[in-house]
Amino acid sequence: MPALQLSRARLPATTEISIVDEYGDARQQAIAAERALTVYLNKREIVTLMTLGDDPEALVVGYLRNQGLLNAAADLDVVQVDWDVEAAVVVTRHLPEGLETRLSTRTVTTGCGQGTVFGKLLDQTALKALPDTPLAQSTLYQLLQNLNAYNETYRSAGAVHGCALCQQTAVLDFVEDVGRHNAVDTLAGRQWLQQADSANADIFYTTGRLTSEMVLKVAQMGISVLVSRSGVTQKGVELAERFGVMLIARAKGRHFQAINAHNRLALDAIPKRPPQARSSKALDLSKETRS
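Residues numbered from 1 in each chain as written. Predicted model: local features only at pLDDT ≥ 70, side-chain atom pairs only at ≥ 80, totals over all residues. Heavy atoms only, no water.

A. Structural detail: the pattern of salt bridges. Under the defined criterion, the tally for this structure stands at seven salt bridges. Where Arg10 meets Asp54, a salt bridge forms, and the shortest distance between an N and an O atom there is 3.0 Å. Pair noted here: Arg10 is in the loop between strand 1 (5-6) and strand 2 (14-21) and Asp54 is in the loop between strand 5 (44-51) and helix 1 (56-66), with a separation of 44 residues, a long-range link. Between Arg93 and Asp77 there is a salt bridge whose closest N-O contact spans 2.9 Å. (Salt bridge = Lys/Arg side-chain N within 4 Å of Asp/Glu carboxyl O. Helix = DSSP H or I, 4+ residues; strand = E, 2+ residues; numbered from the N terminus.)

In structure tokens form, the structure reads like this:
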């Protein structure tokens with residue numbers, strides 16, 4: 001039996017970007033490296049997964065196994081990942097019975113990832129130019145304070161994400177669901193069905209990570225400011241730069257990290273810096289002076 005042809009295409013799980021913090025300081029920040037990986041099984045395109053790329057071969061095999069698309073490990077002939085084309089090719093000796101039936105019916109779960117739709121969606125998207133919506137630091141702080149009045153389900157039960165359509169400091173609409181993508185999709189649906197105040201939204205808030213899918217969906221809604229109490233991924237930053245979306249990540253209390261802000265963020269409420277601990281070198285120098 002021929003040996004399994006297995007690539008070892010691991011990539012670093014993090015990368016660094018430049019951010020501006022609440023003090024107006026520019027600095028480097030490590031973020032998760034989000035990458036698209038399209039899986040092909042015996043020349044059949046199966047899914048596009050979003051991944052860190054830390055162990056892509058194991059991810060692909062595990063996904064196919066858990067979806068019931070592989071019968072046994074011994075059936076594997078080839079598992080090759082090529083990041084230049086963002087593709088994983090899997091060749092097997094046998095395929096499970098009823099493969100076409102399984103592939104014809106898909107259930108989108110409540111999990112954080114929806115890679116099954118991402119690849120096609122990005123290729124087909126032709127977005128209108130987004131407005132260069134400005135944001136003042138004081139406005140951001142007031143909005144975060146106003147959002148505290150929401151999250152009713154989270155406060156009572158936990159285990160949910162929340163998303164909001166906002167107009168500066170006003171919360172126009174708020175939705176909670178078990179997945180952040182369910183919440184943003186609900187708001188996008190309301191935006192079309194109601195055609196009410198939500199059409200005037202200029203800021204989108206989410207409790208979830210700022211991934212590629214979140215940036216894409218918000219840009220499709222015509223909103224160019226995306227705020228989250230969580231972090232950002234590499235692909236999220238790339239799409240934000242492509243579409244002109246300003247990201248405000250890790251927005252909690254007075255802290256935040258602004259990305260792709262350019263001249264749109266007005267730092268008009270810079271908080272007082274906490275006292276800095278004196279370094280050991282400074283302490284040694286002070287001792288020498290006293291002696």
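Past the structure itself, the notes keep going.
B. Quick look at the sheet that holds strand 6 (residues 76-82). Reading across the sheet, the five strands line up as 1-6-7-4-5 and stay open at both edges, with mixed pairing between neighbours. Every interior strand has two partners, whereas the edge strands, strand 1 and strand 5, have only one. Alignment of strand 4 (residues 35-41) against strand 7 (residues 87-92), held across four bridges, turns out to be parallel. Paired with Val39 across the strands is Ala88, a residue of strand 7. (Pairing = 2+ DSSP bridges.)

C. Quick peek at the packing of aromatic side chains. The final tally for this structure, using the stated rule, is two aromatic pairs. Plain terms: the ring middles of Tyr141 and Phe256 are 6.3 Å apart, the flat faces sit at 55° to each other, and that makes the pair tilted. Of the two residues, Tyr141 sits in helix 4 (residues 137-147) while Phe256 sits in strand 14 (residues 255-259), which places them 115 residues apart along the sequence. For the pair Tyr141 and Phe256, one class covers both residues: buried. (Phe/Tyr/Trp six-rings, centres within 6.5 Å; stacked < 30°, edge-to-face > 60°. Buried < 20%, exposed > 50% of the residue type's maximum accessible area, 1.4 Å probe, protein only.)

D. View of the sheet that holds strand 9 (residues 161-167). Pairing in this open sheet of eight strands is mixed, and the strands run 3-2-14-13-12-11-9-10 from one edge to the other. The open sheet terminates on both sides in strands that have one partner only, identified here as strand 3 (26-32) and strand 10 (170-177). Within this sheet the neighbouring strands show an average axis-to-axis angle of 30°, counted without direction. Sheet analysis places strand 13 (residues 246-252) next to strand 14, joined by four bridges and oriented antiparallel. Paired with Lys252 across the strands is His255, a residue of strand 14. (Axes fitted to C-alpha atoms, helices over the stretch in contact; angles between N-to-C directions.)

E. Fine view of helix 8 (residues 234-243). Among the ten residues that make up helix 8, seven are buried, leaving the element largely enclosed by the rest of the structure. Inspection of helix 8 places Gln234, Lys235, Gly236, Val237, Leu239, Ala240 and Phe243 among the buried residues, and these make up the whole buried set. Directly after helix 8, the chain includes Gly244, whose backbone phi takes a positive value near 85°.

F. The arrangement of the nonpolar core in detail. Counting residues in hydrophobic clusters, the biggest one holds 30 residues, and the most contacted among them are Phe204, Leu226, Val232, Val245, Leu247 and Ile259. When residues of this core are traced back to their parent elements, those giving at least two are strand 2, strand 9, helix 6 (180-194), helix 7 (212-220), helix 8 and strand 13. Sort the elements by how many residues they give to this core and helix 7 lands first, with five residues. Those residues within four positions of Val232 in sequence are excluded, and the remaining contacts are Ile17, Ile31, Ala32, Leu210, Val237, Leu247, Ala249 and Ile259. (Core = buried A, V, L, I, M, F, W, Y, C linked by side-chain atoms within 4.5 Å. Contact = heavy atoms within 4.5 Å.)

G. Quick peek at the packing of helix 7 against helix 8. At a minimum axis distance of 7 Å, the contact between helix 7 and helix 8 shows a crossing angle of 25°. Comparing the axis directions of helix 7 and helix 8 gives the class roughly parallel. Contacts between helix 7 and helix 8 involve Ser212, Val215, Leu216 and Ala219 from the former and Lys235, Gly236, Leu239, Ala240 and Phe243 from the latter. For the contact of helix 7 with helix 8, the class distribution of residues is six nonpolar, two polar and one charged. (Parallel < 35°, antiparallel > 145°, perpendicular 65-115°, else oblique. Nonpolar A, V, L, I, M, F, W, Y, C, P; charged D, E, K, R; others polar.)

H. Main features of the side chain of Thr92. Its place among the elements puts Thr92 in strand 7. Overall, the relative accessible area of 7% leaves Thr92 in the buried class. Only 3.0 Å separates the side chain of Thr92 from the backbone oxygen of His94, close enough to count as a polar contact. Leave out the neighbours within four places in its chain, and Thr92 touches Leu41, Asn42, Leu70, Asp75, Leu76 and Asp77. (Polar contact = N/O pair within 3.5 Å; in protein donor to acceptor, adjacent residues only side chain to side chain.)

I. Seen up close, the environment of Ile46. Relative to the helices and strands, Ile46 is located in strand 5. Here the alpha-carbon distance between Ile46 and Leu69, two residues 23 residues apart in the chain, equals 9.7 Å.

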